[in-house]
Amino acid sequence: MRLLLINPRFPESFWSFKWAADRILPGRQATNPPLGLATLAALCPADWDVTIVDENIASLPLAPDADIIGIGGMGVQFDRQRELLAYYRKSGYRVVAGGSFASLCPERYEGLADTVIAGEAEYVWPQFCRDVERGRPEPLYQEAGVVSLADSPVPRFDLLDLARYRAVSLQFSRGCPFRCEFCDIIVMFGRKPRTKSTAQVGRELDALRRMGVRSVFFVDDNLIGNKPAAKELLRFLAAYQREHGYRFEFGTEASLNLAQDAELLELFRAANFGWVFIGIESPDPASLAETLKFQNTRQDLLTSVRTIYANGIDVFAGFILGFDHDTTESFARQQRFITDSGIQAAMIGLLQATPKTPLYERLAADGRLNLDTDGSDNVKLWTNVVPKRMSYGELLTGYRDLYRRLFDDRGIAARVRHKLRHLREPVATQTHGLPETLSIAGRFIRHGLLAGGIPRVLRFVRSVPWWRPRVVPQAVTDWIVGLSMRDYIDRHFEPSGEPARRAAREYLHRLERVLARYRQAGVLDISLNEARNAAGTLSLRLKGWLDRGFFVRAARQLETALRDKRTYVSLRVDALHETHVRHWRKLLRRLSRYGDRVEIVLSEALRHRAGVDSSVFTLRFDP
Ligand code: B12
Ligand code: SF4
């Protein structure tokens, strides 16, 4: 049986760190590989021929050599997952949906796939494979019991192009003992953490070591959910690291009570954990109590963060605005805390109610859910929660302004200083070789520092404790993180759509002027769709015979428009003559730098000829 597994393209988010990926770390296109798919591949019968395509780093095959196509994804990928399911199903393939969102909301997939796999796949996927081989697959396989992670195989890392990711995922446990009201983890994985054995983890690390991996992300919901098991793992990891010359730098997710266990922290350090992601959520104890996050109220938050720094471990953190106790004062309070704590990767989100969570049920009962918006991504400028002590407009404006204040050069520099005052030197964190380190430094100076002019250079110089050379790389990393998040804010958190819309209308008029004769000949439509985003989308529809001159002029005009980071472009291609394919490809090459803001819609006849890389552009199929 030939199986193709697809991880659909993510919409861009803070997590994409796009500026860093484009400017500083070219080649490392995505954050982490799709571990769920690699695990699924390992659960297939030995004689199945499995391929994985991650659309975030590679183009989709439009007519793959496959009998079954499995498409995964989390809530933010649902739109793309649905498009791909429809496309491949219509093309005659058997399609299967799975992943985080299908696990949480299988009912949303009704009619979209031939089979839906809901929940952890270790037991139900092999059952599906057997049924397919017998020719009798069911429409839904739902895991209703408890999966033992002893039965989770070593993922097929060999099917992933690991060099293209910034860190490789590995999982030790599932589940978390806490009960934060907004959390869907405990709905999906339960409150009793389940773990793999250290021998299993060792086998996975051996495989990654053989493949040259250095940076590993333990994608556990809470690595310290079961503290005795976590300590056993950490002791094992420390010994593994010593044996292999501190080969890996680790990172993970954990709850803040990590800071209250000195032994645990010492073990994290000994195992060379360079960073940990923590859900801090709010510096306001009332908001923490409201959301049942009592584990964050037991010790002063700032003291906790600094205790972690004191062990040489960096802190990334999630923050939430929009709790019922939050008022318009909360923005300044969050700003003070984030600045004082020095947390650079501050993922601030609006409170979102994810379906099936206690928060969702409570707000639904109170009639405080806005069902027009979707609650799958909490760092976008919308939420499905109707706030209690401020208006929706105040929440959005306060949120956007908070991000802007935190990520100006002054804010970035202040956090670097505050963190490095407390951060102890790491055990050993060199994950890049010398040539790569030098090239990163060169690119950072050119695209990061010099691009911001003398004031930024001075701020950078003053933010770095040059007398502690071993923490200087951390300062550079924090500036890269800060500038990357700032770039996202500049492009996505436009205060008012009006200036962007005016600019888009200007680009539209210019396009209409320059390409007038093609419009008159009836082979081209040009329009501006103002409903799709803050600036609107410039849309071109190519309908007939177009010459080389068209492609050259269109490329020039579209490039000018796309240099303005607020502009989006949609190219719909109904016709493309054989002789013009190379001009079309040249146009694509020129626009590829801005590919994340360019959508290409192809008619069926052109799909193969047009050669569109779907990891660069958003590729859509004309129904
Ligand atoms: C690593 C991770 C990330 C990585 C990227 C991962 C990647 N490349 O796919 C990063 C850090 C980038 C990330 C970002 C985000 N994430 Co995330 N992430 C995770 C995390 C911690 C681990 C995922 C993982 O690898 N698990 C290990 C594998 C083995 O398990 P699995 O994925 O559950 O897969 C099993 C089954 O689902 C099944 N399966 C998986 N895929 C498929 C496919 C098919 C076809 C089939 C049949 C079965 C199947 O088989 C596997 C074995 O049992 C999960 C939490 C979790 N426990 O899953 C959250 C999680 C997936 N993320 C989540 C969210 C909300 C986000 C963000 C939106 C957060 C934000 N607000 O910014 C962003 C998205 C950003 C964006 N727009 O790009 C939610 C998703 C909620 C949902 N139900 O959809 C989760 C569940 C965490 C949570 N509750 O908050 N994330
Ligand atoms: S600590 Fe994190 S994973 Fe655990 S319940 Fe709270 S939000 Fe969910």
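As the structure is a computational prediction, the values presented were derived from the model and not from experiment.

1. Concerning the overall build of the protein chain
A tally of regular secondary structure across the protein chain gives 22 helices and 19 strands. Whereas a compact globule of 623 residues would reach a radius of gyration of roughly 25 Å, the protein chain reaches 25 Å, a difference of no more than 12%. On the principal axes, the C-alpha backbone points of the protein chain span a range of 75 × 65 × 55 Å. Within the protein chain, the proportion of its 623 residues that are buried is 57%. Residue pairs in contact within the protein chain that sit at least 24 positions apart in sequence constitute 74% of those at least 6 positions apart. If the 89 positive side-chain charges of the protein chain are averaged to one point and the 74 negative ones to another, these points end up 6 Å apart.

2. Some remarks on the packing of helix α8 (residues 227-243) against helix α9 (residues 262-270)
Any two packed helices are characterised by how steeply their axes cross, that is the angle between the axes, and by the distance between the axes. Closest axis-to-axis distance for the α8/α9 pair is 8 Å, and the angle between their directions is 30 degrees. Taken together, the axes of α8 and α9 are roughly parallel relative to one another. For the pair α8 and α9, the crossing hand works out as left-handed. In this structure, α8 uses Lys-227, Lys-231, Leu-234, Arg-235 and Ala-238 to contact α9, whose residues at the interface are Glu-263, Leu-264, Leu-267, Phe-268 and Ala-270. Per-class residue counts for the contact of α8 with α9 are six nonpolar, no polar and four charged.

3. As for the environment of Glu-133
In this fold, Glu-133 is placed in helix α5 (residues 121-134). Its relative accessible area of 44% is what places Glu-133 among the partly exposed residues. Note: C-alpha distance between Glu-133 and Asp-221 (88 residues apart in sequence) is 34 Å. Ignoring anything within four residues of it in the chain, the contact list for Glu-133 reads Met-1, Pro-45, Asp-47 and Trp-48.

4. Quick word on the site of ligand 2
Neighbouring ligand 2 are the residues Cys-176, Phe-178, Cys-180, Phe-182, Cys-183, Lys-293 and Gln-295. Looking at side-chain class alone, the shell around ligand 2 contains five nonpolar, one polar and one charged residues.

5. A word on a positive patch on the surface
Residues Arg-23, Arg-446, Arg-563 and Arg-593 make up a contiguous surface patch of positive charge. Structurally, Arg-563 can be placed in helix α21 (residues 548-563). Relative accessible area serves as the criterion here: at 52%, Arg-563 is assigned to the exposed category.

6. Regarding the packing of aromatic side chains
Scanning the model with the defined rule gives 33 aromatic pairs in all. When the centroid spacing of 5.4 Å and the interplanar angle of 65 degrees are considered together, the rings of Phe-444 and Phe-460 count as edge-to-face. Of this pair, Phe-444 sits in helix α16 (residues 434-449) while Phe-460 sits in helix α17 (residues 453-463), and the two are 16 residues apart along the sequence. Classification of Phe-444 by relative accessible area gives buried; the value is 2%. Of the aromatic side chains, those joined through ring pairs into one cluster are Phe-218, Phe-236, Tyr-240, Phe-248, Phe-250, Phe-268 and Phe-273. Taking the ring centre of Phe-407 as reference, the NZ or CZ of Arg-415 above it sits at 4.6 Å.

7. Overview of the sheet that holds strand β3 (residues 68-71)
Sheet architecture is open: six strands sit in the order β2-β1-β3-β4-β5-β6, paired in parallel fashion. Unpaired on one side and paired on the other, β2 (49-54) and β6 (140-142) mark the two borders of the sheet. On average, each strand axis in the sheet is tilted by 20 degrees relative to the strand beside it, whichever way the strands run. Alignment of strand β1 (residues 2-7) against β2, held across six bridges, turns out to be parallel. By the bridge assignment, Arg-2 is partnered in β2 with Asp-49. Sheet strands touched by helix α3 (residues 78-90): β1, β3 and β4 (94-97). Its angle to β4, the strand with the most contacts, is close to 160 degrees.

8. Comments concerning the packing of α16 against helix α18 (residues 472-492)
Viewed as axis vectors pointing N to C, α16 and α18 meet at an angle of 45 degrees, and their least axial separation amounts to 11 Å. The angle between the axes of α16 and α18 places the two elements in the oblique class. Like other packed secondary-structure pairs, α16 and α18 cross with a definite hand, here left-handed. Contact residues: Ile-440, Phe-444 and Gly-448 in α16; Val-476, Trp-479, Ile-480 and Leu-483 in α18. Looking at the contact of α16 with α18, its residues break down into six nonpolar, one polar and no charged.

9. Describing the nonpolar core
Of all hydrophobic cores here, the largest spans 121 residues; its most connected members are Trp-125, Phe-218, Leu-237, Ile-308 and Ile-348. With 10 residues, α18 is the single largest residue contributor to this core. Discounting chain neighbours no more than four positions away, the residues touching Ile-308 are Leu-256, Leu-258, Ala-259, Leu-265, Val-276, Ile-278, Ile-313 and Val-315. If you look at the next biggest cluster of nonpolar residues, it comprises 64 residues, including Val-95, Tyr-518, Val-612 and Phe-621.

10. Here's the deal with helix α7 (residues 198-210)
The α-helix advances 3.6 residues per turn, and as a result positions three or four apart in sequence lie on the same side. Helix length check: α7 (13 residues) gives 18 Å between terminal C-alpha atoms against 18 Å at 1.5 Å per residue, within 8%. When α7 is considered as a whole, its buried residues turn out to be Thr-198, Gln-200, Val-201, Gly-202, Glu-204, Leu-205, Ala-207 and Leu-208. Against the buried residues of α7 lie β7 (168-170), β10 (215-218), α8 and β11 (249-253). Where α7 terminates, the next one or two residues include Gly-212, which has phi positive at roughly 80 degrees.

11. Examining the sheet that holds strand β13 (residues 314-321)
On the basis of which strands lie adjacent, the open sheet formed by six strands has the order β7-β10-β11-β12-β13-β14 and parallel pairing. This sheet does not close on itself; its edge strands, each paired only once, are β7 and β14 (346-350). Put simply, the sheet's adjacent strands are angled 20 degrees from each other on average, direction ignored. Both β11 and strand β12 (residues 273-281) contribute to a ladder of four bridges, which runs parallel. Its bridge partner being in β12, Phe-250 is matched across the sheet by Phe-273.

12. Here's the deal with unusual backbone geometry
Its identity is not glycine, yet Tyr-246 carries a phi of approximately 50 degrees, on the positive side. Structurally, the position occupied by Tyr-246 is in the loop between α8 and β11. With a relative accessible area of 27%, Tyr-246 lands in the partly exposed category.

13. Examining the pairing of strand β5 (residues 115-118)
Burial of the side chains of β5 extends over both faces: Thr-115 and Ile-117 are buried on one face and Val-116 and Ala-118 on the other. Sheet topology places β5 next to β6; three bridges connect them, and they run parallel. Its bridge partner lying in β6, Ile-117 is registered against Tyr-141. Following the backbone out of β5, through α5 and into the adjacent parallel β6, one traces a crossover that is left-handed.

Cut-offs used in this document
- Residues numbered from 1 in each chain as written.
- Chains lettered and ligands numbered in written order.
- Predicted model: local features only at pLDDT ≥ 70, side-chain atom pairs only at ≥ 80, totals over all residues.
- Heavy atoms only, no water.
- Helix = DSSP H or I, 4+ residues; strand = E, 2+ residues; numbered from the N terminus.
- Rg over C-alpha atoms; globule rule 2.2 N^0.38 Å.
- Buried < 20%, exposed > 50% of the residue type's maximum accessible area, 1.4 Å probe, protein only.
- Contact = heavy atoms within 4.5 Å.
- Lys, Arg positive; Asp, Glu negative; His and termini not counted.
- Charge placed at Lys NZ, Arg CZ, Asp CG, Glu CD.
- Axes fitted to C-alpha atoms, helices over the stretch in contact; angles between N-to-C directions.
- Parallel < 35°, antiparallel > 145°, perpendicular 65-115°, else oblique.
- Left-handed = near helix turned anticlockwise from the far one by under 90°.
- Nonpolar A, V, L, I, M, F, W, Y, C, P; charged D, E, K, R; others polar.
- Near = heavy atom within 4 Å.
- Patch = residues over 30% accessible without salt bridge, like charges linked within 9 Å, V, L, I, M, F, W, Y side chains within 5 Å.
- Areas by Shrake-Rupley, 256 points an atom, 1.4 Å probe, with all protein chains shown as cover.
- Salt bridge = Lys/Arg side-chain N within 4 Å of Asp/Glu carboxyl O.
- Phe/Tyr/Trp six-rings, centres within 6.5 Å; stacked < 30°, edge-to-face > 60°.
- Lys NZ or Arg CZ within 6 Å of the ring centre and 35° of its normal.
- Pairing = 2+ DSSP bridges.
- Core = buried A, V, L, I, M, F, W, Y, C linked by side-chain atoms within 4.5 Å.
- Expected span 1.5 Å × (residues − 1).
- Right-handed = clockwise from strand over helix to strand, strands pointing away.

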